[in-house]
Amino acid sequence: MAQINLLPWREERRQELKKEFLITTGLVIALAVGLVFLADRVVVGQIQHQKARNQYLADNIKILDAQVAEIRELQKKRNELLDRMRVIQELQGNRPIIVRVLDQLVRTVPDGVFYTNLQTKDKTITINGVAESNNRVSSLMRRLDASEWLANPNLDAVKAAPEFGDQANTFRLTVQIEAPASENKSGEG
């Protein structure tokens, strides 16, 4: 019988399996490295894309902030102009009222009463003056109350003033400016 030695064949087969194993392992490692590199490139690309988007947004936000600041400045100027226009319109609208109020003040002064000082604040007139007697002050207050343009006279102080006469008094009173209803309606139209 012939003897066949199978050891070299087994050794060759082991070497061949070992070689296939190393090649397969090398290919798997190469594929894994390739996949990791590819995943890294994809993630880096996404990061760069997001950074570009963020920069685009930041640039546009700066532009919009500048536009918002410009709009606020324009609104501020607009409000200032509207305030100026309102003040001018009020002054123009009040001009005839002031003339009529001063006319009423002159018409309501009875004989023996003299104004020494007039002050206005908002719609209140403060009158300082000298009267020959208390009756003259009372007459002035009745006339002011009867006026269409003046209302609510209020006597604040009365003091004797012998330097102006025996019964003379200095007085201070306040009166409210009140336009007649017909004047308010014509002024609004």
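Just so it is clear, the structure is predicted and the values come from calculations on it, not from any experiment. Positions within a chain are numbered from 1, following the residues in the order the chain's sequence is written. The predicted nature of this model means local features are confined to residues of pLDDT at least 70 and side-chain atom pairs, given and counted, to a pLDDT of 80 or more, with totals for whole chains, interfaces and linings taken over all residues. Water and hydrogen atoms were dropped before computing side-chain values, which therefore reflect all heavy atoms in the structure.

Participant: Looking at this model, I keep getting lost on the overall build of the chain. Mind explaining?
Facilitator: What counts as a helix is a DSSP run of H or I of at least four residues, what counts as a strand is a run of E of at least two, and both are numbered from the N terminus. The number of helices and strands found in the chain is three helices and four strands. Walking the chain from its N terminus toward its C terminus, one meets helices and strands in the order α-β-β-α-β-β-α. Rg of the C-alpha trace for the chain: 51 Å, well past the compact-globule value of 16 Å for 189 residues, more than 25% over. For the chain, the C-alpha atoms occupy an extent of roughly 175 × 35 × 25 Å along the three principal directions. Exposure categories follow from relative accessible area, calculated using a 1.4 Å probe and restricted to protein chains: below 20% of the type maximum is buried, above 50% is exposed, and the middle band is partly exposed. Taken over 189 residues, the chain has a buried fraction of 18%. In this description, contact between two residues means that some pair of their heavy atoms is separated by no more than 4.5 Å. Partitioning the contacts of the chain with sequence separation of at least 6, the portion at a separation of at least 24 is 57%. A 1.4 Å probe and the Shrake-Rupley method give the accessible areas. Residues count as covered only by the protein chains that appear here. On the chain, roughly 15,300 Å² of surface is accessible, and the fraction owed to carbon and sulfur atoms is 56%. Values of the radius of gyration come from C-alpha atoms, whereas the globule rule sets the reference at 2.2 Å times the count of residues to the power 0.38.

Participant: Even after reading the chapter, I still don't get the sheet that holds strand 1 (residues 113-121), so can you show me in this structure?
Facilitator: The strands making up a sheet are joined through hydrogen bonds of the backbone, oriented either antiparallel or parallel. Pairing between two strands requires that DSSP report at least two bridges joining them. With antiparallel pairing, four strands are arranged side by side in an open sheet as 1-2-4-3. Bordering the open sheet on either side are strand 1 and strand 3 (150-160), each of which pairs with just one other strand. Shown here is a sheet whose adjacent strand axes are inclined to one another by a mean of 20°, direction ignored. Where strand 3 and strand 4 (residues 169-177) come together, eight bridges link them in antiparallel fashion. Paired with Ala160 across the two strands is Asn169, which belongs to strand 4. Orientation is described by axes fitted as lines to C-alpha atoms, over the contacting stretch for helices, and by angles from 0 to 180 degrees between their N-to-C directions.

Participant: Hey, could you run me through the confidence of the model for the chain in this one?
Facilitator: The predicted coordinates should not be examined in detail at positions where pLDDT is low. For the chain, per-residue confidence averages 87 on the pLDDT scale, and residues scoring 70 or more make up 92% of the total. The weakest mean pLDDT in the chain belongs to helix 3 (residues 181-188) at 54; the strongest belongs to helix 1 (residues 7-107) at 91. Values of pLDDT, the confidence the predictor places in each residue, fall between 0 and 100.

Participant: Mind showing me how you'd approach the pattern of salt bridges here?
Facilitator: Pairs may arise between side chains of opposite charge once their charged atoms sit close together. Put simply, a salt bridge is a Lys or Arg side-chain nitrogen that is within 4 Å of an Asp or Glu carboxyl oxygen. A complete count under the given rule lists six salt bridges for this structure. The residue Arg13 makes a salt bridge to Glu16 at a minimum N-O spacing of 3.9 Å. Note that Arg13 and Glu16 are positioned in helix 1 at a spacing of three residues, about one turn of the helix. Its relative accessible area of 39% is what places Arg13 among the partly exposed residues. By relative accessible area, Glu16 is classed as partly exposed at 43%. Close ionic contact of Arg136 with Glu132 constitutes a salt bridge, the shortest N to O distance being 3.6 Å. Relative accessible area serves as the criterion here: at 31%, Arg136 is assigned to the partly exposed category. Classification of Glu132 as partly exposed rests on a relative accessible area of 43%.

Participant: I tried to follow the environment of Gln50 on my own but got confused; where do I start?
Facilitator: Summarising the element assignment, Gln50 is placed in helix 1. Note on Gln50: relative accessible area 35%, which makes it partly exposed. With 10 residues separating them in the primary sequence, Gln50 and Asp40 have C-alpha atoms 15 Å apart.

Participant: In this structure, what is going on with a nonpolar patch on the surface? I would like to understand it.
Facilitator: The grouping of Leu31, Leu35, Leu38 and Val42 at the surface amounts to a nonpolar patch, some 400 Å² of accessible area in total. Looking at where Val42 falls in the secondary structure, it is placed in helix 1. Of the residues examined, Val42 reaches a relative accessible area of 44% and is grouped as partly exposed. Patch building starts from residues that exceed 30% relative accessible area and form no salt bridge, then joins like charges within 9 Å and nonpolar side chains (Val, Leu, Ile, Met, Phe, Trp, Tyr) within 5 Å.

Participant: What is the right way to look at the pairing of strand 4 in this model?
Facilitator: Each regular strand shows side chains that alternate between the opposite faces of the sheet. The pairing of strand 2 (residues 124-131) with strand 4 spans eight bridges and is classified as antiparallel. Within strand 4, the residue paired with Ile127 across the bridge is Leu173.

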